[in-house]
Amino acid sequence: MSTPSQAEVRRSIAAAGTIVVKVGSSSLTQPSGHLDPSKLDVLAAALAQVRLMGGRVVLVSSGAIAAGFGPLGFDERPADVATQQATAAVGQGLLMARYETAFGRFGIRVGQILITAEDTIRATQYRNVQRTLDRLLDLGVVPIINENDSLASNEIRFGDNDRLSALIANLVRAEALVLLTDVDALYTAPPSQPGSRRVEYVPNVIDALGDITVSGSGSKVGTGGMVTKLEAARVAAVSGIPTVLTCASNAGPAMMGDPVGTVFAPVKARGSSRRLWIGFAAEPRGTIVVDEGAAKAIRGGRASLLAAGALEARGDFSAGDPVWVDDEAGTHLARGLAGFDSEEIPQMLGRNTAQLKRFLGPEYAHPLVHRDNLVLV
Ligand SMILES: Nc1ncnc2c1ncn2[C@@H]1O[C@H](COP(=O)(O)OP(=O)(O)O)[C@@H](O)[C@H]1O
Ligand SMILES: N[C@@H](CCC(=O)OP(=O)(O)O)C(=O)O
(Lines give C-alpha, C1' and ligand atoms only; values in the text may rest on other atoms or scores of the structure.)
(Ligands and ions follow the chains in the order given, each with its own letter.)
Protein backbone atom coordinates (compact mmCIF):
# COMPACT_ATOMS: atom_id res chain seq x y z
CA MET A 1 0.00 0.00 0.00
CA SER A 2 1.61 3.27 -1.10
CA THR A 3 1.62 6.20 1.33
CA PRO A 4 -1.31 8.52 0.65
CA SER A 5 -0.90 12.29 0.63
CA GLN A 6 -2.20 14.38 3.51
CA ALA A 7 -5.02 15.68 1.29
CA GLU A 8 -6.06 12.12 0.41
CA VAL A 9 -6.16 11.11 4.07
CA ARG A 10 -8.24 14.16 4.98
CA ARG A 11 -10.61 13.45 2.09
CA SER A 12 -11.06 9.87 3.25
CA ILE A 13 -11.95 11.12 6.74
CA ALA A 14 -14.54 13.50 5.28
CA ALA A 15 -16.02 10.63 3.26
CA ALA A 16 -16.11 8.16 6.18
CA GLY A 17 -19.45 6.40 6.61
CA THR A 18 -18.63 5.10 10.07
CA ILE A 19 -16.65 7.25 12.44
CA VAL A 20 -15.41 6.75 16.01
CA VAL A 21 -14.88 9.92 18.02
CA LYS A 22 -13.05 9.91 21.33
CA VAL A 23 -13.33 12.86 23.67
CA GLY A 24 -11.07 13.13 26.71
CA SER A 25 -11.91 14.40 30.18
CA SER A 26 -9.78 17.48 29.54
CA SER A 27 -12.15 18.57 26.74
CA LEU A 28 -15.31 18.19 28.77
CA THR A 29 -14.29 19.96 31.93
CA GLN A 30 -13.85 23.40 33.46
CA PRO A 31 -10.42 24.38 34.78
CA SER A 32 -11.58 23.14 38.22
CA GLY A 33 -11.99 19.63 36.78
CA HIS A 34 -15.80 19.66 37.03
CA LEU A 35 -17.83 18.65 33.98
CA ASP A 36 -18.63 21.60 31.71
CA PRO A 37 -22.07 20.90 30.16
CA SER A 38 -21.64 23.62 27.52
CA LYS A 39 -18.59 21.81 26.08
CA LEU A 40 -20.58 18.59 25.93
CA ASP A 41 -23.43 20.41 24.11
CA VAL A 42 -21.05 21.83 21.48
CA LEU A 43 -19.59 18.38 20.84
CA ALA A 44 -23.02 16.73 20.61
CA ALA A 45 -24.11 19.38 18.08
CA ALA A 46 -21.08 18.67 15.87
CA LEU A 47 -21.64 14.90 16.01
CA ALA A 48 -25.36 15.33 15.39
CA GLN A 49 -24.57 17.05 12.07
CA VAL A 50 -22.64 14.01 10.91
CA ARG A 51 -25.34 11.63 12.13
CA LEU A 52 -28.11 13.66 10.45
CA MET A 53 -26.21 13.52 7.17
CA GLY A 54 -26.36 9.72 7.39
CA GLY A 55 -23.03 9.02 9.09
CA ARG A 56 -22.72 6.24 11.65
CA VAL A 57 -21.15 7.74 14.75
CA VAL A 58 -19.72 6.03 17.83
CA LEU A 59 -18.66 8.29 20.69
CA VAL A 60 -16.07 7.11 23.21
CA SER A 61 -16.41 9.57 26.05
CA SER A 62 -14.44 9.99 29.23
CA GLY A 63 -15.82 12.26 31.93
CA ALA A 64 -17.58 9.95 34.41
CA ILE A 65 -15.25 10.87 37.25
CA ALA A 66 -15.38 14.56 36.29
CA ALA A 67 -19.19 14.42 36.32
CA GLY A 68 -19.36 12.58 39.64
CA PHE A 69 -17.03 14.24 42.10
CA GLY A 70 -18.88 17.57 42.40
CA PRO A 71 -22.28 16.00 43.17
CA LEU A 72 -20.56 13.79 45.74
CA GLY A 73 -19.31 16.88 47.54
CA PHE A 74 -15.58 16.54 46.69
CA ASP A 75 -13.62 19.67 45.83
CA GLU A 76 -11.36 17.88 43.41
CA ARG A 77 -11.05 14.69 41.40
CA PRO A 78 -10.33 11.84 43.85
CA ALA A 79 -6.90 10.21 43.61
CA ASP A 80 -7.45 6.75 45.11
CA VAL A 81 -8.82 3.95 42.97
CA ALA A 82 -11.78 2.94 45.17
CA THR A 83 -13.10 6.50 45.38
CA GLN A 84 -12.53 6.99 41.65
CA GLN A 85 -14.54 3.84 40.97
CA ALA A 86 -17.36 4.97 43.24
CA THR A 87 -17.28 8.45 41.72
CA ALA A 88 -17.46 7.01 38.20
CA ALA A 89 -20.55 4.99 39.22
CA VAL A 90 -22.28 8.22 40.21
CA GLY A 91 -20.89 10.31 37.36
CA GLN A 92 -21.53 7.90 34.50
CA GLY A 93 -25.31 8.20 34.90
CA LEU A 94 -25.11 11.97 35.11
CA LEU A 95 -22.85 12.09 32.05
CA MET A 96 -25.28 9.97 30.04
CA ALA A 97 -28.23 12.10 31.13
CA ARG A 98 -26.40 15.13 29.75
CA TYR A 99 -25.69 13.38 26.46
CA GLU A 100 -29.28 12.20 26.18
CA THR A 101 -30.51 15.79 26.49
CA ALA A 102 -27.85 17.17 24.16
CA PHE A 103 -28.46 14.63 21.37
CA GLY A 104 -32.22 14.64 22.07
CA ARG A 105 -32.37 18.24 20.79
CA PHE A 106 -31.56 16.78 17.36
CA GLY A 107 -33.94 13.85 17.70
CA ILE A 108 -31.02 11.44 18.10
CA ARG A 109 -31.02 8.52 20.55
CA VAL A 110 -27.93 7.47 22.45
CA GLY A 111 -27.09 4.10 24.02
CA GLN A 112 -24.54 3.42 26.73
CA ILE A 113 -21.93 0.67 26.54
CA LEU A 114 -19.43 0.22 29.36
CA ILE A 115 -16.45 -1.97 28.57
CA THR A 116 -13.69 -3.54 30.61
CA ALA A 117 -10.51 -4.65 28.89
CA GLU A 118 -10.88 -7.98 30.64
CA ASP A 119 -14.20 -9.00 29.19
CA THR A 120 -13.54 -7.87 25.65
CA ILE A 121 -10.40 -9.90 25.02
CA ARG A 122 -12.41 -13.10 25.24
CA ALA A 123 -13.74 -14.19 21.87
CA THR A 124 -17.37 -14.54 22.90
CA GLN A 125 -17.48 -11.16 24.61
CA TYR A 126 -15.68 -9.49 21.70
CA ARG A 127 -18.30 -10.76 19.27
CA ASN A 128 -21.05 -9.79 21.67
CA VAL A 129 -19.83 -6.18 21.85
CA GLN A 130 -19.42 -6.13 18.07
CA ARG A 131 -22.95 -7.40 17.47
CA THR A 132 -24.52 -4.92 19.89
CA LEU A 133 -22.62 -1.98 18.37
CA ASP A 134 -23.51 -3.00 14.82
CA ARG A 135 -27.17 -3.25 15.78
CA LEU A 136 -27.17 0.11 17.57
CA LEU A 137 -25.63 1.73 14.50
CA ASP A 138 -28.18 0.05 12.23
CA LEU A 139 -30.90 1.54 14.45
CA GLY A 140 -29.44 5.03 13.98
CA VAL A 141 -28.38 5.27 17.63
CA VAL A 142 -25.14 6.98 18.69
CA PRO A 143 -23.46 4.45 21.01
CA ILE A 144 -21.59 6.18 23.84
CA ILE A 145 -18.80 4.06 25.23
CA ASN A 146 -16.66 4.43 28.33
CA GLU A 147 -14.45 2.07 30.23
CA ASN A 148 -16.44 0.42 33.00
CA ASP A 149 -14.40 2.24 35.62
CA SER A 150 -16.42 0.94 38.54
CA LEU A 151 -15.67 -2.67 37.68
CA ALA A 152 -12.31 -2.52 35.87
CA SER A 153 -9.62 -4.17 37.93
CA ASN A 154 -6.54 -2.16 38.62
CA GLU A 155 -4.29 -4.66 36.87
CA ILE A 156 -6.25 -4.93 33.64
CA ARG A 157 -7.63 -1.62 32.58
CA PHE A 158 -7.24 0.85 29.79
CA GLY A 159 -7.13 3.80 32.21
CA ASP A 160 -7.23 6.29 29.39
CA ASN A 161 -9.86 5.85 26.69
CA ASP A 162 -7.47 6.43 23.79
CA ARG A 163 -6.52 2.82 23.06
CA LEU A 164 -10.07 1.69 23.77
CA SER A 165 -11.34 4.06 21.08
CA ALA A 166 -8.91 2.67 18.50
CA LEU A 167 -9.94 -0.89 19.30
CA ILE A 168 -13.58 0.12 18.97
CA ALA A 169 -12.78 1.71 15.59
CA ASN A 170 -11.31 -1.62 14.53
CA LEU A 171 -14.30 -3.51 15.93
CA VAL A 172 -16.95 -1.48 14.10
CA ARG A 173 -14.80 -1.31 10.94
CA ALA A 174 -14.78 2.48 11.15
CA GLU A 175 -13.37 4.54 8.30
CA ALA A 176 -12.03 7.27 10.58
CA LEU A 177 -10.94 7.78 14.17
CA VAL A 178 -11.18 11.27 15.66
CA LEU A 179 -9.26 11.94 18.88
CA LEU A 180 -10.45 15.09 20.61
CA THR A 181 -8.33 16.55 23.39
CA ASP A 182 -7.29 19.87 24.93
CA VAL A 183 -4.52 20.65 22.43
CA ASP A 184 -5.26 21.47 18.80
CA ALA A 185 -2.68 19.02 17.40
CA LEU A 186 0.33 16.84 18.01
CA TYR A 187 3.37 19.07 18.53
CA THR A 188 7.04 18.30 18.07
CA ALA A 189 7.30 18.51 21.89
CA PRO A 190 4.81 19.04 24.72
CA PRO A 191 3.22 22.41 23.85
CA SER A 192 4.45 23.95 27.11
CA GLN A 193 8.01 23.66 25.73
CA PRO A 194 9.15 26.77 23.88
CA GLY A 195 9.73 26.23 20.17
CA SER A 196 7.42 23.22 19.82
CA ARG A 197 5.72 23.15 16.42
CA ARG A 198 2.48 21.65 15.18
CA VAL A 199 2.78 18.41 13.21
CA GLU A 200 0.21 18.44 10.39
CA TYR A 201 0.71 15.02 8.95
CA VAL A 202 2.16 11.71 10.11
CA PRO A 203 2.42 9.40 7.07
CA ASN A 204 3.64 6.39 9.08
CA VAL A 205 2.92 6.35 12.79
CA ILE A 206 4.44 2.86 13.11
CA ASP A 207 7.93 4.16 12.36
CA ALA A 208 9.82 6.00 15.05
CA LEU A 209 8.51 9.53 15.05
CA GLY A 210 11.84 11.23 14.43
CA ASP A 211 12.34 14.26 16.59
CA ILE A 212 8.86 14.31 18.12
CA THR A 213 8.77 14.02 21.90
CA VAL A 214 5.58 13.23 23.70
CA SER A 215 4.71 13.10 27.36
CA GLY A 216 1.82 12.23 29.63
CA SER A 217 -1.16 14.36 30.41
CA GLY A 218 -0.70 18.07 30.88
CA SER A 219 -3.98 18.50 32.77
CA LYS A 220 -5.23 17.46 36.19
CA VAL A 221 -8.05 15.44 34.67
CA GLY A 222 -6.63 13.69 31.60
CA THR A 223 -4.88 10.33 31.68
CA GLY A 224 -2.21 9.11 29.32
CA GLY A 225 -1.47 12.33 27.46
CA MET A 226 0.00 12.12 23.97
CA VAL A 227 1.66 8.75 24.61
CA THR A 228 -1.63 6.85 24.60
CA LYS A 229 -2.99 8.96 21.74
CA LEU A 230 -0.09 7.88 19.54
CA GLU A 231 -0.70 4.29 20.59
CA ALA A 232 -4.32 4.72 19.54
CA ALA A 233 -3.26 6.20 16.19
CA ARG A 234 -0.97 3.17 15.72
CA VAL A 235 -3.71 0.65 16.45
CA ALA A 236 -5.97 2.49 14.01
CA ALA A 237 -3.23 2.70 11.37
CA VAL A 238 -2.57 -1.04 11.44
CA SER A 239 -6.32 -1.57 11.16
CA GLY A 240 -6.31 0.52 7.97
CA ILE A 241 -8.05 3.45 9.64
CA PRO A 242 -6.90 7.10 9.37
CA THR A 243 -6.87 9.22 12.54
CA VAL A 244 -7.27 12.94 13.09
CA LEU A 245 -6.21 14.42 16.41
CA THR A 246 -7.34 17.90 17.43
CA CYS A 247 -9.17 19.88 20.10
CA ALA A 248 -12.87 19.36 20.76
CA SER A 249 -13.82 22.77 19.36
CA ASN A 250 -12.37 21.63 16.00
CA ALA A 251 -14.50 18.47 15.90
CA GLY A 252 -16.73 19.69 13.05
CA PRO A 253 -13.92 20.89 10.74
CA ALA A 254 -11.84 17.78 11.53
CA MET A 255 -14.67 15.48 10.45
CA MET A 256 -15.21 17.60 7.30
CA GLY A 257 -11.58 17.03 6.29
CA ASP A 258 -10.48 20.64 6.91
CA PRO A 259 -6.77 21.19 7.55
CA VAL A 260 -6.91 21.23 11.35
CA GLY A 261 -5.00 19.18 13.91
CA THR A 262 -2.78 16.28 12.96
CA VAL A 263 -3.74 13.48 10.58
CA PHE A 264 -2.24 10.02 10.65
CA ALA A 265 -2.35 7.88 7.52
CA PRO A 266 -3.39 4.22 7.63
CA VAL A 267 -0.37 1.96 7.09
CA LYS A 268 -2.17 -1.22 6.12
CA ALA A 269 -5.12 -2.19 4.03
CA ARG A 270 -8.20 -2.30 6.23
CA GLY A 271 -8.96 -5.30 8.36
CA SER A 272 -10.74 -6.12 11.56
CA SER A 273 -9.48 -8.61 14.00
CA ARG A 274 -9.91 -9.78 17.54
CA ARG A 275 -6.19 -10.43 17.63
CA LEU A 276 -5.54 -6.71 17.85
CA TRP A 277 -7.33 -6.71 21.17
CA ILE A 278 -4.99 -9.34 22.47
CA GLY A 279 -2.05 -7.19 21.44
CA PHE A 280 -3.26 -3.93 22.85
CA ALA A 281 -6.17 -4.31 25.22
CA ALA A 282 -4.72 -5.67 28.39
CA GLU A 283 -1.51 -5.86 30.35
CA PRO A 284 -0.16 -9.44 30.40
CA ARG A 285 -0.48 -11.26 33.74
CA GLY A 286 2.57 -13.46 33.31
CA THR A 287 5.15 -14.84 30.90
CA ILE A 288 5.80 -18.11 29.14
CA VAL A 289 9.46 -18.53 28.23
CA VAL A 290 10.16 -20.57 25.11
CA ASP A 291 13.21 -22.32 23.66
CA GLU A 292 14.96 -21.35 20.45
CA GLY A 293 12.92 -23.66 18.20
CA ALA A 294 9.59 -22.41 19.50
CA ALA A 295 10.81 -18.81 19.29
CA LYS A 296 11.63 -19.34 15.63
CA ALA A 297 8.26 -20.94 14.91
CA ILE A 298 6.40 -18.12 16.64
CA ARG A 299 8.39 -15.41 14.87
CA GLY A 300 7.46 -17.09 11.59
CA GLY A 301 3.78 -16.45 12.37
CA ARG A 302 0.80 -18.82 12.31
CA ALA A 303 2.34 -21.27 14.83
CA SER A 304 0.72 -22.16 18.14
CA LEU A 305 2.92 -22.26 21.24
CA LEU A 306 3.22 -25.93 22.20
CA ALA A 307 4.25 -27.18 25.62
CA ALA A 308 7.12 -29.04 23.92
CA GLY A 309 8.88 -25.73 23.22
CA ALA A 310 8.13 -24.03 26.54
CA LEU A 311 10.72 -23.76 29.32
CA GLU A 312 9.02 -21.89 32.12
CA ALA A 313 5.82 -20.12 33.18
CA ARG A 314 6.22 -17.00 35.30
CA GLY A 315 3.56 -15.12 37.20
CA ASP A 316 0.16 -16.10 38.43
CA PHE A 317 -2.41 -16.31 35.64
CA SER A 318 -5.53 -18.22 34.72
CA ALA A 319 -6.50 -19.82 31.41
CA GLY A 320 -7.73 -17.01 29.16
CA ASP A 321 -5.50 -14.33 30.69
CA PRO A 322 -3.11 -12.36 28.47
CA VAL A 323 0.54 -13.41 28.79
CA TRP A 324 3.85 -12.47 27.22
CA VAL A 325 5.71 -15.06 25.22
CA ASP A 326 9.44 -14.39 25.70
CA ASP A 327 12.58 -16.00 24.35
CA GLU A 328 15.33 -17.13 26.72
CA ALA A 329 17.04 -13.76 26.55
CA GLY A 330 13.87 -12.12 27.87
CA THR A 331 12.83 -10.51 24.57
CA HIS A 332 9.09 -10.26 24.07
CA LEU A 333 8.09 -12.25 20.98
CA ALA A 334 4.32 -12.15 21.22
CA ARG A 335 1.33 -11.63 23.42
CA GLY A 336 -1.28 -14.31 23.72
CA LEU A 337 -4.11 -15.70 25.75
CA ALA A 338 -2.97 -18.59 27.95
CA GLY A 339 -4.69 -21.91 27.33
CA PHE A 340 -3.97 -23.12 30.89
CA ASP A 341 -3.59 -21.77 34.42
CA SER A 342 0.00 -20.94 35.37
CA GLU A 343 0.05 -23.68 38.01
CA GLU A 344 -0.89 -26.36 35.45
CA ILE A 345 1.96 -25.51 33.10
CA PRO A 346 5.12 -26.78 34.92
CA GLN A 347 4.10 -30.45 34.51
CA MET A 348 3.48 -29.85 30.79
CA LEU A 349 6.80 -28.17 29.93
CA GLY A 350 8.90 -29.91 27.28
CA ARG A 351 6.29 -32.61 26.59
CA ASN A 352 4.91 -33.35 23.16
CA THR A 353 1.21 -33.82 22.50
CA ALA A 354 1.32 -37.62 22.71
CA GLN A 355 3.11 -37.48 26.07
CA LEU A 356 0.67 -34.89 27.43
CA LYS A 357 -2.24 -37.10 26.44
CA ARG A 358 -0.71 -40.23 27.90
CA PHE A 359 0.64 -38.85 31.18
CA LEU A 360 -1.74 -36.01 32.00
CA GLY A 361 -4.93 -36.80 30.06
CA PRO A 362 -6.52 -35.66 26.79
CA GLU A 363 -7.55 -32.28 28.27
CA TYR A 364 -3.84 -31.37 28.37
CA ALA A 365 -3.14 -32.26 24.74
CA HIS A 366 -3.58 -28.64 23.60
CA PRO A 367 -1.24 -25.71 22.86
CA LEU A 368 -0.23 -23.46 25.75
CA VAL A 369 -1.30 -20.59 23.50
CA HIS A 370 -3.33 -21.31 20.38
CA ARG A 371 -2.20 -19.44 17.26
CA ASP A 372 -5.61 -17.74 16.95
CA ASN A 373 -4.92 -16.18 20.34
CA LEU A 374 -1.35 -15.12 19.62
CA VAL A 375 -0.15 -11.83 18.20
CA LEU A 376 3.47 -10.97 17.41
CA VAL A 377 4.90 -7.84 18.99
N1 LIG B 1 4.10 16.31 21.73
C2 LIG B 1 2.93 16.69 22.28
N3 LIG B 1 2.03 17.39 21.53
C4 LIG B 1 0.83 17.77 22.05
N5 LIG B 1 0.46 17.51 23.34
C6 LIG B 1 1.30 16.83 24.13
C7 LIG B 1 2.58 16.37 23.63
N8 LIG B 1 3.17 15.70 24.65
C9 LIG B 1 2.35 15.73 25.70
N10 LIG B 1 1.21 16.41 25.43
C11 LIG B 1 0.11 16.61 26.40
O12 LIG B 1 -0.99 15.75 26.15
C13 LIG B 1 -2.15 16.39 26.68
C14 LIG B 1 -3.43 15.72 26.20
O15 LIG B 1 -3.62 14.48 26.84
P16 LIG B 1 -4.63 14.27 28.09
O17 LIG B 1 -4.42 15.33 29.10
O18 LIG B 1 -4.51 12.84 28.51
O19 LIG B 1 -6.00 14.56 27.41
P20 LIG B 1 -7.37 13.77 27.28
O21 LIG B 1 -8.12 14.01 28.55
O22 LIG B 1 -7.99 14.45 26.10
O23 LIG B 1 -7.09 12.33 27.01
C24 LIG B 1 -1.96 17.82 26.24
O25 LIG B 1 -2.70 18.74 27.01
C26 LIG B 1 -0.46 18.03 26.34
O27 LIG B 1 -0.13 18.66 27.57
N1 LIG C 1 -13.00 6.49 32.20
C2 LIG C 1 -12.61 7.72 32.92
C3 LIG C 1 -11.70 8.51 32.07
C4 LIG C 1 -10.26 8.33 32.29
C5 LIG C 1 -9.53 9.50 31.61
O6 LIG C 1 -9.23 10.48 32.26
O7 LIG C 1 -9.39 9.42 30.28
P8 LIG C 1 -8.87 10.57 29.26
O9 LIG C 1 -9.46 11.87 29.66
O10 LIG C 1 -9.43 10.11 28.00
O11 LIG C 1 -7.38 10.57 29.29
C12 LIG C 1 -13.82 8.62 33.17
O13 LIG C 1 -14.84 8.48 32.50
O14 LIG C 1 -13.74 9.47 34.05
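None of these values were measured; they are calculated from a predicted model.

1. Some words on the domain arrangement of the chain
Next, step 1: Taken domain by domain, the chain holds domain 1 (6–276) and domain 2 (286–376).
Next, step 2: For domain 1 versus domain 2, the distance between C-alpha centres works out to 35 Å.
Next, step 3: Of the roughly 600 Å² buried between domain 1 and domain 2 on both sides combined, carbon and sulfur atoms contribute 44%.
Next, step 4: It is I121, R122 and R275 in domain 1 that bury the most area against domain 2; as a group they hold 75% of the surface buried on that side.
Next, step 5: Where domain 1 touches domain 2, the interface holds 0 salt bridges.
Next, step 6: Where domain 1 packs against domain 2, one counts 0 residue pairs in polar contact (both at pLDDT 80 or more).
Next, step 7: Tallied by class, residues from the side of domain 1 that touches domain 2 come to 2 nonpolar, no polar and 3 charged.

2. Details of helix α8 (residues 225–238)
Because an α-helix packs 3.6 residues into every turn, residues spaced three or four apart end up facing the same way.
Next, step 1: In a regular helix each residue adds 1.5 Å, so 14 residues correspond to 20 Å; α8 covers 21 Å between its end C-alpha atoms and thus fits that length.
Next, step 2: In terms of residue burial, α8 counts as a mostly covered element, since 10 of its 14 residues are buried.
Next, step 3: Restricting attention to buried positions, one finds in α8 the residues G225, M226, T228, K229, L230, A232, A233, V235, A236 and A237.
Next, step 4: Residues of α8 that are buried sit in contact with β1 (18–23), α7 (162–171), β5 (176–181), β7 (243–247), β8 (262–264) and α10 (274–280).

3. Some thoughts on the site of ligand 1
Next, step 1: Taken together, 26 residues lie around ligand 1, and T181, D182, S217, G225 and K229 are the ones closest in.
Next, step 2: One of the backbone nitrogen or oxygen atoms of S25 is found 3.3 Å away from an oxygen atom of ligand 1.
Next, step 3: Bound to the protein, ligand 1 loses 95% of the 580 Å² it would expose on its own.
Next, step 4: Of all the secondary structure elements, the ones that give two or more residues to the shell around ligand 1 are β5 and α8.
Next, step 5: Of the residues forming the shell around ligand 1, the biggest block, 3 residues, is contributed by α8.
Next, step 6: Per-class residue counts for the shell around ligand 1 are 10 nonpolar, 13 polar and 3 charged.

4. Comments concerning the packing of aromatic side chains
Next, step 1: Considering all chains together, one arrives at 2 aromatic pairs under this definition.
Next, step 2: Their ring planes at 35 degrees and their centres at 6.2 Å tell us that Y99 and F103 sit as a pair that is tilted. Residue Y99 and its partner F103 are located together in helix α4 (residues 81–104), separated by 4 residues, close to a single helical turn.
Next, step 3: Taking 5.7 Å as the distance between ring centres and 10 degrees as the angle between the ring planes, the aromatic pair formed by F340 and Y364 counts as stacked. In this pair, F340 is assigned in the loop between β12 (332–337) and α12 (353–360) and Y364 in the loop between α12 and β13 (374–376), connecting sequence segments 24 residues apart. Of the two residues, F340 and Y364, neither departs from the other in class, the shared state being buried.

5. Things to note about the pairing of β1
Next, step 1: Of all the 6 residues making up β1, 6 are buried; the element is thus mostly covered by neighbouring parts of the structure.
Next, step 2: The alternating pattern of β1 places T18, V20 and K22 and I19, V21 and V23 on opposite faces, both of which are buried.
Next, step 3: Sheet analysis places β1 next to strand β2 (residues 56–61), joined by 6 bridges and oriented parallel. Paired with V21 across the bridge in β2 is L59.

6. Things to note about the sheet that holds strand β10 (residues 310–315)
Next, step 1: As summarised here, the arrangement of the 5 strands in space is β10-β9-β11-β12-β13, forming an open sheet in which the pairing is mixed. What marks the edges here is a single partner per strand, and that holds for β10 and β13. Here the strands of the sheet are splayed against their neighbours by 25 degrees on average, with no regard to which way each runs.
Next, step 2: Looking at chain direction, strand β9 (residues 286–290) and strand β11 (residues 322–326) are connected through 4 bridges and run parallel. Residue pairing in the sheet places T287 in a bridge with W324 of β11.

So, how was this worked out
Residues numbered from 1 in each chain as written. Chains lettered and ligands numbered in written order. Predicted model: local features only at pLDDT ≥ 70, side-chain atom pairs only at ≥ 80, totals over all residues. Heavy atoms only, no water. Domains from an automatic or database assignment. Buried area = accessible area lost by both parts, 1.4 Å probe. Salt bridge = Lys/Arg side-chain N within 4 Å of Asp/Glu carboxyl O. Polar contact = N/O pair within 3.5 Å; in protein donor to acceptor, adjacent residues only side chain to side chain. Nonpolar A, V, L, I, M, F, W, Y, C, P; charged D, E, K, R; others polar. Helix = DSSP H or I, 4+ residues; strand = E, 2+ residues; numbered from the N terminus. Expected span 1.5 Å × (residues − 1). Buried < 20%, exposed > 50% of the residue type's maximum accessible area, 1.4 Å probe, protein only. Contact = heavy atoms within 4.5 Å. Near = heavy atom within 4 Å. Areas by Shrake-Rupley, 256 points an atom, 1.4 Å probe, with all protein chains shown as cover. Phe/Tyr/Trp six-rings, centres within 6.5 Å; stacked < 30°, edge-to-face > 60°. Pairing = 2+ DSSP bridges. Axes fitted to C-alpha atoms, helices over the stretch in contact; angles between N-to-C directions.

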